[in-house]
Amino acid sequence: MARSMFERYGGFATVSKIVMSFYGKVLDSDIIGGYFEDIDMPALMDHQTKFIAQAMGGPAAYSNEMLYRVHKNLDIDNRSFQEMVTVLRETLEEFDLESGDIEQVLNEVRSRAQYIVVS
Ligand code: HEM
C-alpha cells in the first residue's frame, strides 16, 4: 500500500516542526491571531498538531461532526478560514513539500469549511 504523506515526510517528528512554524504564523496574523488569544498554549498546540496530522492523512482523524461541535461557537467567518489555509500553505512551502502534496493537504482542509465556518 502507498505510504501516507504523513509517513513519507517523517511522521510526528516533522509534523511537530511544521506545527511550531504554523503556530507562530497563526498568532502573528491580524486576521486569525485573535481567535487564539485567550486559548492556552497546550490547547493551541493540540489544535495545530491535529489539524496538520489529519490534513496529511495521519492519525488523529476528527469526524466532521466533531469539527462542527468544537468550532460552532467560535464565529469563524470565511475570510478567517481562508487565512488559515493561506498560512498553512506558506508553512508547507517552507518545509519543501511537493506542490501536489501541498494541494492535497489544502484540499483536505478546504473540504471541511462547511463544518467550521458559520458566516
Ligand atoms: C479543517 C480545519 C480545522 C481543523 C481540522 C481543526 C481542528 C480542531 C480541533 C481538533 C480542535 C479541538 C482541539 C482539542 O482537542 O482541544 C480545534 C479547536 C479550535 N479551533 Fe480548529 N480546526 C480547523 C480550523 C479552524 C479555524 C479556521 C479556526 C479559526 C480561524 C479554528 C480555531 C479553533 C479554536 C480557537 C479552537 C479552540 C477552541 C477551544 O479550546 O475553546 N480552527 N480545532
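Since the structure is predicted, the reported quantities are computational estimates derived from the model, not experimental observations. (Residues numbered from 1 in each chain as written. Predicted model: local features only at pLDDT ≥ 70, side-chain atom pairs only at ≥ 80, totals over all residues. Heavy atoms only, no water.)

Student: Help me understand the coordination of the iron atom of the ligand, please; the structure alone is not making it clear to me.
Tutor: Geometrically, a metal with four donors at the corners of a regular tetrahedron has ideal angles of 109.5 degrees, and one with six donors at the corners of a regular octahedron has ideal angles of 90 or 180 degrees. At 2.0 to 2.1 Å from the iron atom of the ligand lie its protein donor atoms, namely His 47 (NE2) and His 71 (NE2). Geometry at the iron atom of the ligand is octahedral, judged from the 6 donor atoms that bind it and their angles of 83 to 179° at the metal. Residue His 47 is found in helix 3 (residues 41-55), and its partner His 71 is found in helix 4 (residues 64-71); the two are separated by 24 residues along the sequence. On the basis of relative accessibility, which here comes to 22%, the residue His 47 falls in the partly exposed class. (Donors = N, O, S within 2.8 Å, 3.2 Å for Na, K, Ca; no water. Tetrahedral: all angles 85-135°; square planar, octahedral: opposite > 155°, others 65-115°. Helix = DSSP H or I, 4+ residues; strand = E, 2+ residues; numbered from the N terminus. Buried < 20%, exposed > 50% of the residue type's maximum accessible area, 1.4 Å probe, protein only.)

Student: Please explain the pattern of salt bridges as it appears in this structure.
Tutor: Two side chains that carry opposite charge are able to pair once their charged atoms sit near each other. Scanning the entire structure with this criterion turns up 6 salt bridges. Notably, a salt bridge pairs Arg 69 with Glu 65, separated by 3.3 Å at the nearest N-O pair. Here the residue Arg 69 and the residue Glu 65 both occupy positions in helix 4, the gap between them amounting to 4 residues, near one helical turn. With a relative accessible area of 47%, Arg 69 lands in the partly exposed category. Notably, a salt bridge pairs Glu 103 with Arg 89, separated by 3.0 Å at the nearest N-O pair. Residue Glu 103 is located in helix 6 (residues 99-110), and its partner Arg 89 is located in helix 5 (residues 78-94); the two are separated by 14 residues in the primary sequence. Classification of Glu 103 by relative accessible area gives partly exposed; the value is 32%. (Salt bridge = Lys/Arg side-chain N within 4 Å of Asp/Glu carboxyl O.)

Student: Honestly, the site of the ligand in this entry has me stumped. Any pointers?
Tutor: The environment of the ligand is made up of 19 residues, and the closest members are Asp 46, His 47, Lys 50, Phe 51 and His 71. For the ligand, an oxygen atom lies 3.0 Å from a polar atom in the side chain of Lys 50. Elements supplying a minimum of two residues to the shell around the ligand: helix 3, helix 4 and helix 5. The dominant element in the shell around the ligand, judged by the number of residues it contributes, is helix 3, at 4 residues. Broken down by class, the residue content of the shell around the ligand amounts to 14 nonpolar, 2 polar and 3 charged. (Near = heavy atom within 4 Å. Polar contact = N/O pair within 3.5 Å; in protein donor to acceptor, adjacent residues only side chain to side chain. Nonpolar A, V, L, I, M, F, W, Y, C, P; charged D, E, K, R; others polar.)

Student: Sorry, what's going on with the packing of aromatic side chains here?
Tutor: Aromatic ring pairs are defined here through the distance separating the ring centres and the angle between the ring planes. Using the criterion set out here, one finds 2 aromatic pairs in the structure. Relative to Phe 12, the ring of Phe 6 lies with its centre 4.9 Å away and its plane at 80°, an arrangement referred to as edge-to-face. We classify Phe 12 as partly exposed; its relative accessible area is 43%. (Phe/Tyr/Trp six-rings, centres within 6.5 Å; stacked < 30°, edge-to-face > 60°.)

Student: Any chance you could explain helix 6 here in plain terms?
Tutor: Helical geometry note: an α-helix holds 3.6 residues per turn, so side chains three or four residues apart project in the same direction. Look at helix 6: 16 Å from first C-alpha to last across 12 residues, which is about the 16 Å you get at 1.5 Å a residue. Considered for burial, the residues of helix 6 that qualify are Asp 101, Ile 102, Val 105, Leu 106 and Val 109. Projected onto a plane normal to the axis of helix 6, the buried residues spread over an arc of 135° and lie on a single side. On the buried face of helix 6, the contacting elements are helix 1 (5-8), helix 3, helix 5 and helix 7 (113-116). (Expected span 1.5 Å × (residues − 1). Arc of directions from axis to C-beta. Contact = heavy atoms within 4.5 Å.)

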